[in-house]
Amino acid sequence: MNTPFKYIYRSLAIAFAATMLASCLDKLDEVPDNRTEIDSPTKVASLLTSGYPDATAAVICELSGDNYVDDNVVVPATHNDAYQDFHEEAYKWVDINNYSMGAQDTPYSVWQAYYGGIAVCNHAIVAMEEMCPGIETMSAADIAATYPELSASWGEAMVLRAYLHFMLVNIFAEAYKNDQLSMNDVGVPYVVEPESTVYVDYGDSKYLHNVKETYDLIEQDLLAGLPLISDSQYKVAAYHFNRNAANAFASRFYLFKRDYAKCIHYADEALGNNPSSMLRKWSSLNTNTINSRLLDYNDETAPCNFMIQSTYSVQDRMLSACRYAINTGTTFTQDGQTWTVPSTLDIIYEGGGPNWSGYVPAYSGNLYIFGGQQYGVWLFTVYEYFEYTDKIAGIGYVHMLYHPFTAEETLLCRAEAKLYLGDRDGAIQDLEFWTKSKLVTNALTLSGIQRKYSRAGNNQWCSPLHPAEMGFEKVLTGEDLAVLDCVLHFRRIETMFEGMRWFDIKRYGITVYHHYRGANEDVIHTDSLAYNDPRRVLQLPKNVIDAGYPANRGTSAGGGGGSSSSVVHDLSKGDAVNPIQLQTN
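Keep in mind it's a predicted model, so treat the numbers as computed, not measured.

Student: Explain the pairing of strand 9 (residues 395-405) to me, using residue names and the numbers behind them.
Tutor: Counted residue by residue, strand 9 has nine buried out of eleven residues, so it is predominantly covered. For strand 2 (residues 307-312) and strand 9, the ladder comprises five bridges, and the chain directions are antiparallel. Looking across to strand 9, one finds that Tyr 312 is bridged to His 399. In this structure, strand 8 (residues 385-390) lies alongside strand 9, joined through five bridges in antiparallel fashion. Counterpart to Tyr 385 in the pairing with strand 9 is His 399. Linking strand 8 back to strand 9 in an antiparallel pair, the connection comprises four residues, with Gly 394 at a positive phi of about 70°.

Student: Talk me through the packing of aromatic side chains; I want residue IDs and the actual numbers.
Tutor: Counted according to the given criterion, the structure contains 33 aromatic pairs. Note on Tyr 420 and Phe 472: the rings are 5.9 Å apart at their centroids and 40° apart in plane angle, and the pair reads as tilted. Taken together, the residues Tyr 420 in helix 18 (residues 407-420) and Phe 472 in the loop between helix 20 (446-452) and helix 21 (478-494) connect sequence positions 52 residues apart. Residue Tyr 420 shares its accessibility class with Phe 472, and that shared class is buried. Through pairs of rings, three or more aromatic residues link up here, namely Tyr 52, Tyr 163, Phe 166, Tyr 176, Tyr 215, Phe 241, Phe 249, Phe 253, Tyr 254, Phe 256, Tyr 266 and Phe 405. Directly above the aromatic system of Phe 472 lies the positively charged group of Arg 258, at a separation of 4.1 Å from the ring centroid. Above the ring of Trp 461, the side-chain terminus of Lys 452 is found at 3.6 Å from the ring centroid.

Student: Before we move on, can you summarise the nonpolar core with the specific residues and values?
Tutor: Ranked by internal contacts, the top residues of the largest apolar core, which has 168 residues, are Phe 241, Phe 249, Tyr 349, Tyr 363 and Phe 497. A per-element tally of this core places helix 9 (residues 148-172) first, with 15 residues. Sequence-distant contacts of Phe 249, defined by excluding residues within four places in its chain, comprise Val 159, Ala 162, Tyr 163, Phe 166, Ile 218, Leu 222, Phe 241 and Phe 405. Of all hydrophobic cores here, the second largest spans eight residues; its members include Val 74, Val 75, Phe 332 and Ile 524.

Student: I'd like to hear about the pattern of salt bridges, residue by residue, with values.
Tutor: Applying the stated rule across the entire model yields 31 salt bridges. Between Asp 221 and Arg 161 there is a salt bridge, with the nearest N and O atoms lying 2.8 Å from each other. Of this pair, Asp 221 sits in helix 11 (residues 211-225) while Arg 161 sits in helix 9, and the two are 60 residues apart along the sequence. You can call Arg 161 buried: its relative accessible area is 5%. For Arg 535, the salt bridge goes to Asp 533, with nearest N and O atoms at 3.0 Å. With respect to class, Arg 535 is no different from Asp 533; both count as buried. Overlapping salt bridges, with partners in common, bring together Arg 252, Glu 409, Glu 416, Arg 491, Asp 504 and Arg 507 in one network.

Student: Requested: an account of unusual backbone geometry, with residues and values cited.
Tutor: Even without being glycine, Arg 258 reaches a positive phi, approximately 65°. With respect to the element layout, Arg 258 can be found in the loop between helix 12 (243-257) and helix 13 (260-271). Classification of Arg 258 by relative accessible area gives buried; the value is 9%. Of note in this structure, Phe 497 is not a glycine but carries a positive phi near 75°. According to the relative accessible area criterion, Phe 497 is buried, its value standing at 3%.

Student: Tell me about the environment of Phe 503, residues and numbers included.
Tutor: Counting through the fold element by element, Phe 503 comes out in helix 22 (residues 500-508). Residue class for Phe 503 comes out buried when judged on its relative accessible area of 3%. Along the chain, Phe 503 and Ile 171 lie 332 residues apart, while their C-alpha atoms are 8.0 Å from each other. Here Phe 503 is in contact with Cys 61, Met 167, Asn 170, Ile 171 and Phe 256, once residues within four sequence places are set aside.

Student: Would you mind going over the pairing of strand 4 (residues 330-334) in detail, with residue names and values included?
Tutor: With five bridges joining them, strand 4 and strand 5 (residues 337-341) adopt antiparallel strand pairing. Bridge pairing in strand 5 places Phe 332 opposite Trp 339.

Student: Describe the side chain of Thr 344, naming the residues involved and giving the relevant values.
Tutor: Considering the arrangement of structural elements, one finds Thr 344 in helix 17 (residues 344-350). Taking the relative accessible area as the measure of exposure, Thr 344 reaches 2% and is therefore buried. Residues contacting Thr 344, with those up to four places away along its chain left out, are Asp 66, Asn 67, Val 69, Ala 325, Ile 326, Asn 327, Tyr 349 and Arg 492.

Student: Could you give me a rundown of the sheet that holds strand 8, with the residues and numbers involved?
Tutor: Here three strands make up an open sheet; going across it, the order is 2-9-8 and the pairing antiparallel. Looking at which strands have only one partner, the edges of the open sheet turn out to be strand 2 and strand 8. With direction set aside, neighbouring strand axes in the sheet form an average angle of 30°. Packed on one face of the sheet, helix 12 meets strand 2 and strand 9 and runs near 65° to strand 9.

Student: Can you break down the state of the cysteines residue by residue, with the values?
Tutor: Per the counting criterion, the structure on display carries zero disulfides. For the unlinked cysteine Cys 263, the closest cysteine sulfur is that of Cys 413, found at 5.5 Å.

Student: So what about the packing of helix 18 against helix 19 (residues 424-437)? Which residues, and what values?
Tutor: Relative to each other, helix 18 and helix 19 sit at 160°, their axes nearing to 7 Å. On the basis of their axis angle, the class for helix 18 and helix 19 is roughly antiparallel. Crossing hand, helix 18 versus helix 19: left-handed. Residues Glu 408, Leu 411, Leu 412, Arg 414, Ala 415, Lys 418 and Leu 419 of helix 18 form the contact with helix 19, whose own contacting residues are Arg 424, Gly 426, Ala 427, Asp 430, Leu 431, Phe 433 and Trp 434. For the contact of helix 18 with helix 19, the class distribution of residues is eight nonpolar, one polar and five charged.

Student: I'd like a rundown of helix 19, residues and numbers included.
Tutor: Compared with the 20 Å implied by 1.5 Å per residue over 14 residues, the 20 Å span of helix 19 between its first and last C-alpha is a close match. The complete set of buried residues in helix 19 reads Gly 426, Ala 427, Ile 428, Asp 430, Leu 431, Glu 432, Trp 434, Thr 435 and Ser 437. Those residues of helix 19 hidden inside the fold are in contact with helix 18, helix 20 and helix 21. Among the residues trailing helix 19, Leu 439 stands out with phi positive, at a value near 70°.

What counts and what doesn't
- Residues numbered from 1 in each chain as written.
- Predicted model: local features only at pLDDT ≥ 70, side-chain atom pairs only at ≥ 80, totals over all residues.
- Heavy atoms only, no water.
- Buried < 20%, exposed > 50% of the residue type's maximum accessible area, 1.4 Å probe, protein only.
- Helix = DSSP H or I, 4+ residues; strand = E, 2+ residues; numbered from the N terminus.
- Pairing = 2+ DSSP bridges.
- Phe/Tyr/Trp six-rings, centres within 6.5 Å; stacked < 30°, edge-to-face > 60°.
- Lys NZ or Arg CZ within 6 Å of the ring centre and 35° of its normal.
- Core = buried A, V, L, I, M, F, W, Y, C linked by side-chain atoms within 4.5 Å.
- Contact = heavy atoms within 4.5 Å.
- Salt bridge = Lys/Arg side-chain N within 4 Å of Asp/Glu carboxyl O.
- Axes fitted to C-alpha atoms, helices over the stretch in contact; angles between N-to-C directions.
- Disulfide = S-S within 2.5 Å.
- Parallel < 35°, antiparallel > 145°, perpendicular 65-115°, else oblique.
- Left-handed = near helix turned anticlockwise from the far one by under 90°.
- Nonpolar A, V, L, I, M, F, W, Y, C, P; charged D, E, K, R; others polar.
- Expected span 1.5 Å × (residues − 1).

Structural data, given as structure tokens:
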């Protein structure tokens, strides 16, 4: 995917630093090879491969959410620094500024990579418009009939542009509430044409969209492109918006927008008539080594892997650094008040579910630790790949594969939508498909769900929701609420390390509590993030604000806070290659 276009056209992405822009724009005057002129269907398709971002928001979303605990709190003897300074800023919900421009997993890297991908899409679209007069005003059917050689690329460009904006608005803006409320929330710039100047006035009204307008534009591009997606266009479909991935995206989009009938329709398109056949086959996973596990899990031919995203990310190393992790909880007393830190290890891995006890069966034997279980546990899926640039020096680039769309997550989108449309039995059936795929043998029943997700007392498996405040037209209660808690719990398990839990926190107004203690501190700090806290919006990168786009949240927002097992591999004891021994460039 590292084609010359990646570097040529990303120079036109929004909010590059001025020096970077000047350098990159110089490259526009060069002709490195004949692909610079995008004048054929083959060249358009090649260009679009560089539109898929190599950065991820997973780290900052996970640090913002409720999956990770601070080991300095739950393991009192520790005084660890964050792996990178900005990780602590993310966990504290303050503006994230303490990072270099080239650092991985930062707000800037996400903004740059995603708007860089949008720039690629826009250049591809312009090239196709020049080759195919009138294509921009045609219906999908007419495009397919008139320009068959370019129709699939047109579809890919439209869907990819929609997806990149969808991710940006969910990271850097408020969650969608409803059309009325979301008109009052600042969205993100929806860019539909290539930029051709170094300095762009992003305060111009054409860039200032509210969340409703941003969602409307996403929907417009999505519906224009989806009918034209063709898997035959790609050499490796899993690294592109293939049919299943595009339908899964549409299902998630309409779930977030709460158009539940459309959510179910597109989920059905992706999952087919036999959803269980599409789900991951954990029983056949090759467990000889952690690398063999990864190869099986990231198999681009596996039906469950609708889309795979290759990124430069150091999340594996962050977890191994033993500061923020999925870990056990604790109770502590400070200033006369007693606080309880829930065990995310229980919630996600080993605390059982509505029809299983102990570990999620599929994860038994597939969990890893570094330096002892008290420092956190992680699933092998977050393990890194390494691309050497100098094997003798042991340096190179860290890669991680993420899964933006899977059959499992799409199934859970459908289950949630069915529940809101009154089909509780259908929702439970989808949830049982999910548990069976995780090797659970017991049947899933409504009574089992009610027992597990009872809201009597302080149940750590039931998140404090605020759907009415978030604009939901229907607020579930009683048995339906218990099933919703089950859906959200399964989504939390399914999307661990991917950052998707943060989106559920935002759209349901889930209250999050963070307890943290700095490396050189003895006092534990407590804070909470309520449904209406402006810090739920990730602040824009500083250089974007400096370029003229208005800040999307207050910089001094106040919160609502008050004053080893046999199924776990210990990497420090040689169970697998120690990733910390490798260096990054």
